Amino acid sequence: MEPGSNVWNCPFDYAEALEFDPTLKRLLTEEPVARIKLPYGEGEAWLVTRYEDVRTVTTDRRFSRHAIVGKDFPRMTPEPIVQDEAINVMDPPANSRLRSLVSKAFAPRQVERMRARTQHVVNELLDRMAEHGPPADLMESLASPLPLTTICEVLDIPDGESVQLRAYARTMMNLTPENRDNAVRAKADMRAYFAELTAERRRNPGDDMISALATARDGDEVLDDKELTVMAMVLLITGQDTTTYEIGNLSYTLLTRPAELAMLRAHPEKLPQALEEMLRFIPFRKGVGIPRVALEDVELSGVKIRAGDIVHVSYLTANRDPAKFDRPDELDLEREGPVNHMTFGWGGHHCLGAPLALVELETALSTLLERFPDLKLAKPAEEVPWNTNAIWRYPLELPVSW
């Protein structure tokens, strides 16, 4: 059979705790450049699963994110989550200009201020958990409030408004068809909120991330009003829920692996490297994200992709590619060398908020292990309930005792 002549039906609805999706594993193994059909959108797409091919698609200018704007492209959600003028659908040089401006708001000085603030928030949350006493739900006590509190402080969201913003974000991420109208409305409401807030920060800048974005300059370049609004939205959405889910996933992974947990308790200095390996290993989302369009004919792993074709990549499979990682399906917290995982994306669309996410994940885990040396699951692992109706994989509750 010719490569690409077989079309794989890919609902990508697999959600068994943090087990790897067997369909993705088959695609990586059997047909690493494959034609796929997704639940929503017109037509078919290519799915690229090998590490090197994913790297090509995410860095080669023959593949364009911007070219998907206005297309009913194959996707996993009823409504496209992405904003048409967001940085994550821009190509160079527009993308490069915006990334340069935004990266100034994530300068080392800003990140260190975030670290101090994050530690303070973690301490407060764990003090409260200790006072409450066991058992406690780690999702409720730490994973959910930490990223939301931190990103709202970083963006200086007024008190009392963060809960509504989180509700908007969650509605936008809901995969169910009956939620479609709600998702459209939530996106519009969040956009209106941030248009007003960013305009105010431009008039009266403070000491927060939105003000830093509003005043960031690269020569004569600044973010325009629309760019500033969308960027603030993207930071709020990507800066809270995904980190919440990963705190849950990381904690579950360690609490169900006694040897790895004991090693980190004995050698806390190994946590930064161990964290990178866990981020590689954990399949924290389902399926695929935002695709690209081939601008000309391109050959990948012997398969010809034609100009105009939609191309999805899988960072999940790239993280499990045996050509890149020795024993890819093993979690090895002492894996030698840098773990060049793709969990934060790659190339021109590598997650801009990764420095903040890493600060939060490392601070949360290191403090949790130090404060609760006897922490363990309060119920059998198979009884932990998991999210099944969104693109993210995470425990809905994580009961712990100590």
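To be clear, the structure that these remarks concern was listed above.
Residues numbered from 1 in each chain as written. Predicted model: local features only at pLDDT ≥ 70, side-chain atom pairs only at ≥ 80, totals over all residues. Heavy atoms only, no water.

### Brief notes about the environment of M76
Structurally, M76 can be placed in the loop between β4 (63-64) and α3 (94-105). Between the alpha carbons of M76 and A390 there is a distance of 9.6 Å; along the sequence they are 314 residues apart. (Helix = DSSP H or I, 4+ residues; strand = E, 2+ residues; numbered from the N terminus.)

### Re a negative patch on the surface
On the surface, D156, D159, E161 and E196 cluster together into a patch of negative charge. Along the polypeptide, E161 turns up in the loop between α6 (145-155) and α7 (162-173). Looking at E161, the relative accessible area reads 30%, which means it is partly exposed. (Patch = residues over 30% accessible without salt bridge, like charges linked within 9 Å, V, L, I, M, F, W, Y side chains within 5 Å. Areas by Shrake-Rupley, 256 points an atom, 1.4 Å probe, with all protein chains shown as cover. Salt bridge = Lys/Arg side-chain N within 4 Å of Asp/Glu carboxyl O. Lys, Arg positive; Asp, Glu negative; His and termini not counted. Charge placed at Lys NZ, Arg CZ, Asp CG, Glu CD. Buried < 20%, exposed > 50% of the residue type's maximum accessible area, 1.4 Å probe, protein only.)

### Quick notes on α6
Owing to its 3.6 residues per turn, the α-helix aligns residues three or four sequence positions apart on the same side. Taking burial as the measure, the eleven residues of α6 include eight buried ones, the bulk of the element. All of the buried residues along α6 are L146, P147, L148, T150, I151, C152, V154 and L155. D156, located one to two residues past α6, shows a positive phi value of around 55°.

### Some words on the nonpolar core
Grouped together as the largest cluster of nonpolar side chains are 109 residues, with contacts concentrated most on F12, M129, L142, M190, F194, M209 and L213. Sorting elements by how many residues they give to this core places helix α10 (residues 225-255) first, with 15 residues. Contacts of M209, omitting those with residues within four sequence positions, involve A105, F106, M114, V154, L155 and L235. By size, the runner-up hydrophobic cluster in this structure holds 20 residues, among which are V57, F63, L300 and V313. (Core = buried A, V, L, I, M, F, W, Y, C linked by side-chain atoms within 4.5 Å. Contact = heavy atoms within 4.5 Å.)

### Overview of the sheet that holds strand β2 (residues 33-37)
Taken in spatial order, the six strands make up an open sheet running β1-β2-β3-β9-β6-β4, and their pairing is mixed. The open sheet is flanked by β1 (7-9) and β4, the only strands paired with a single partner. Two strands pair when backbone bridges link them, and β1 and β2 are joined in this way by three bridges, in the parallel orientation. Within the sheet, the bridge partner assigned to V7 lies in β2 and is R35. Set on the sheet, helix α1 (residues 22-30) makes contact with β1, β2 and β3 (45-48); between it and β1 the angle comes to about 165°. (Pairing = 2+ DSSP bridges. Axes fitted to C-alpha atoms, helices over the stretch in contact; angles between N-to-C directions.)

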